[in-house]
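Each chain, letter by letter, is given below.
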Amino acid sequence: MLAPPVAELRVTPGLGWPLYVEVDPRIGWPNVPRETLDWPERATARSWSSSVGATTTAPPIEIPPGPRRARFDEDEFSSPGVEESPPTVSAVDRLPSGTLPAPARTRIFVVANQKGGVGKTTSSVNLAAALALGGLTVLVVDLDPQGNATTALGVDHPPGTLGTYEVLMAGAAVADHVVESPEAPNLKVLPATIDLAGAEIELVSIVARESRLLRALRGYLHNHNADYVFLDCPPSLGLLTLNALVAANEILVPIQCEYYALEGVTQLMRTIDLVKGELNNELRLTTVLLTMFDGRTKLAAQVADEVRNHFPAETLTSVIPRSVRISEAPSYGQTVLTYQPSSAGAVSYLEAAREIAQRGVEESP
């Protein structure tokens, strides 16, 4: 039997690299033989430009286009301009205030949902700003230790800022710690700090712990006018949310147009039934707001239909879409109404506020 031919390989002894390696110019590898031991030092920009750049031009690499993105707002996904600072125009100049009907009595909304990330704080501050820009007097009480509502309304709240914690724990007057918001005239906020995180534990041993916020708000409304009060709650059903449920007379539930948000509403409704039977008979669910609606998906439409079937009278006609402008506004310490008043998110919150105000007049005795 004849032996097969042996391929002749020429290699450098002790190194193992093949000789005469062909270099692909698209990779950008220096045109230096690999068997040369000192090739990293010799492969300078000058040698590359003189040896390869002068003789071979790297062909352009074509990048396939990415997926097509939906645009809810005009130029929403466009590149930011040179000017990166927040707008300096006042809220009144950017969004002229209209006239919304005032309710017969103060409407105290608790904005709550067991699930986090459904738009509780975003809806609280934007609805409050929209109503204030409509000529009404609005108070926002921040009950979330993160203080996001306080930030979105343009109020600084470093550690040690007096606000909701002092009202709940020390019995301080609300009027002593409310701050005017630069977002709209007649818009005030009771700020929250990280100190409020300890209130959940400290309230446990206090007598009548569930009604401390109720007494504080009664004292404030007795001497100060407010058409609307929004109580922004943390994403839990602890003592802070319980205080808000006892102090309010209406519930506003933001529901994200996704399946998990429906499970949070189920737990919230159980808590509402307990509070109504034991602590606050005036509490009633009046408003359901669909948020983060993505019209490109069937799931969003299905969840919206499901919510409207369960709450046909309470669900607002206005729907809040997914919008980059709504997410960007808090980084500038603003609501979307003043940050980008022409965006789809701002228009939707204006329509929702108008619908809430109109319902308040129709339902008042």
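The rules behind these values
- Residues numbered from 1 in each chain as written.
- Predicted model: local features only at pLDDT ≥ 70, side-chain atom pairs only at ≥ 80, totals over all residues.
- Heavy atoms only, no water.
- Helix = DSSP H or I, 4+ residues; strand = E, 2+ residues; numbered from the N terminus.
- Areas by Shrake-Rupley, 256 points an atom, 1.4 Å probe, with all protein chains shown as cover.
- Buried < 20%, exposed > 50% of the residue type's maximum accessible area, 1.4 Å probe, protein only.
- Pairing = 2+ DSSP bridges.
- Contact = heavy atoms within 4.5 Å.
- Axes fitted to C-alpha atoms, helices over the stretch in contact; angles between N-to-C directions.
- Parallel < 35°, antiparallel > 145°, perpendicular 65-115°, else oblique.
- Nonpolar A, V, L, I, M, F, W, Y, C, P; charged D, E, K, R; others polar.

Caption draft 1: Local environment of the overall build of the chain. Secondary structure summary: the chain contains 14 helices and 8 strands in total. Within the structure as shown, the chain displays about 19500 Å² of accessible surface, and the carbon and sulfur contribution to it stands at 55%.

Caption draft 2: Focus on the pairing of strand β5 (residues 228–232). Summarising burial for β5: 5 of the 5 residues are buried, a large majority. Alternating positions in β5 separate into two faces, Y228, F230 and D232 on one and V229 and L231 on the other, with burial throughout. Relative to β5, strand β1 (residues 107–111) runs parallel, the two sharing 5 bridges. Within the sheet, the bridge partner assigned to I108 lies in β5 and is V229. Examined bridge by bridge, strand β2 (residues 138–142) and β5 share 5 bridges and lie parallel to one another. Looking across to β5, one finds that V141 is bridged to L231.

Caption draft 3: How the structure looks around unusual backbone geometry. Even without being a glycine, N186 presents a positive backbone phi close to 60 degrees. Mapped onto the secondary structure, N186 falls in the loop between β3 (179–180) and β4 (187–190). Phi at A208 is positive, roughly 55 degrees, even though this residue is not glycine. With respect to the helices, strands and loops of the structure, A208 is situated in the loop between α7 (199–202) and α8 (212–223).

Caption draft 4: Region of interest: the sheet that holds strand β6 (residues 250–256). Reading across from one edge, β3-β4-β2-β5-β1-β6-β7-β8 is the order of the 8 strands in this open sheet, with mixed pairing throughout. The two strands at the open ends of the sheet, each matched to only one other strand, are β3 and β8 (315–321). Here helix α10 (residues 259–278) sits on the sheet and contacts β6 and β7 (284–293); the angle it forms with β6, its principal contact strand, is near 165 degrees. Running at roughly 175 degrees to β7, helix α11 (residues 298–310) makes contact with β6, β7 and β8 of the sheet.

Caption draft 5: Inspection of the side chain of T241 at higher detail. By the element assignment, T241 lies in helix α9 (residues 239–247). You can call T241 buried: its relative accessible area is 1%. For T241, the residues in contact, after removing those within four places along its chain, are A112, C233, P234 and S236.

Caption draft 6: Region of the structure containing the side chain of T335. Summarising the element assignment, T335 is placed in the loop between α12 (324–328) and α13 (336–339). What T335 contacts, discounting residues up to four positions off in sequence, is V125, N126, A129, A152, L153, E183 and A329.

Caption draft 7: Fine view of the packing of helix α4 (residues 120–133) against helix α14 (residues 344–363). Contact geometry of α4 with α14 gives a least axis separation of 9 Å together with a crossing angle of 70 degrees. By the angle between their directions, the pair α4 and α14 is classed as roughly perpendicular. Contact residues: α4 offers T122, S123, N126, L127, A130 and L131, while α14 offers Y349, L350, A352, A353, I356 and A357. Here the contact of α4 with α14 is built from residues that sort into 9 nonpolar, 3 polar and no charged.

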